[in-house]
Amino acid sequence: MLRAIRDFFWKTGNKIGFKPAGGIRSAKDSLAWLSLVKEELGNEWLKPELFRIGASTLLSDIERQIYHHVTGRYAAYHDLPIS
């Protein structure tokens, strides 16, 4: 899909956005998508107008990763308000 978006841009000059659907549950998954978009489309597509990840589970994982980075341990579900 990213290559199709790139080809469309090259042919028309019109930028269209991309929102990957489903399966993005962890910070690691989101980094993979960020890398793919950057490699195929460039930094311009990393802006919120052109690239979005809609996953509430991802937010919880990012919150847990930050908690682990700060405290050195993973949080229990009751430690984080959004979880």
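Now for a quick tour of the structure. Model, not experiment: these values are computed from the prediction.

## Overview of the overall build of the protein
Secondary structure assignment for the protein yields three helices and zero strands. Counting from the amino terminus, helix and strand elements in the protein follow one another as α-α-α. Relative to its length of 83 residues, the protein is extended, with a C-alpha radius of gyration of 16 Å against a globular reference of 12 Å. If you line up the protein on its principal axes, its C-alpha atoms span 50 × 20 × 20 Å. Looking at the protein residue by residue over its 83 residues, the buried ones come to 27%. Entry remark: accessible area of the protein is about 6000 Å², with carbon and sulfur atoms responsible for 57%.

## Topic: the environment of leucine 2
Within the secondary structure, leucine 2 sits in helix α1 (residues 2-12). Each C-alpha atom of the pair leucine 2 and valine 37 lies 6.9 Å from the other, and the pair is 35 residues apart in sequence. With near-sequence residues (within four places) excluded, leucine 2 lies in contact with Phe18, Trp33, Leu36, Val37, Glu40 and Leu41.

## Side note on helix α2 (residues 27-41)
Helix length check: α2, at 15 residues, gives a terminal C-alpha distance of 21 Å against a target of 21 Å (1.5 Å per residue), a fit within 8%. Residues Ala27, Ser30, Val37, Glu40 and Leu41 constitute the buried set of α2. With its buried residues spanning 165 degrees around the axis, α2 presents them on a single face. Opposite the buried face of α2, by more than 90 degrees, sit the exposed residues Lys28, Leu31 and Glu39. Looking at the buried residues of α2, the elements they touch are α1 and α3 (56-71). Downstream of α2 by one or two residues, glycine 42 has phi in the positive range, about 100 degrees.

Scoring rules and cut-offs
- Residues numbered from 1 in each chain as written.
- Predicted model: local features only at pLDDT ≥ 70, side-chain atom pairs only at ≥ 80, totals over all residues.
- Heavy atoms only, no water.
- Helix = DSSP H or I, 4+ residues; strand = E, 2+ residues; numbered from the N terminus.
- Rg over C-alpha atoms; globule rule 2.2 N^0.38 Å.
- Buried < 20%, exposed > 50% of the residue type's maximum accessible area, 1.4 Å probe, protein only.
- Areas by Shrake-Rupley, 256 points an atom, 1.4 Å probe, with all protein chains shown as cover.
- Contact = heavy atoms within 4.5 Å.
- Expected span 1.5 Å × (residues − 1).
- Arc of directions from axis to C-beta.

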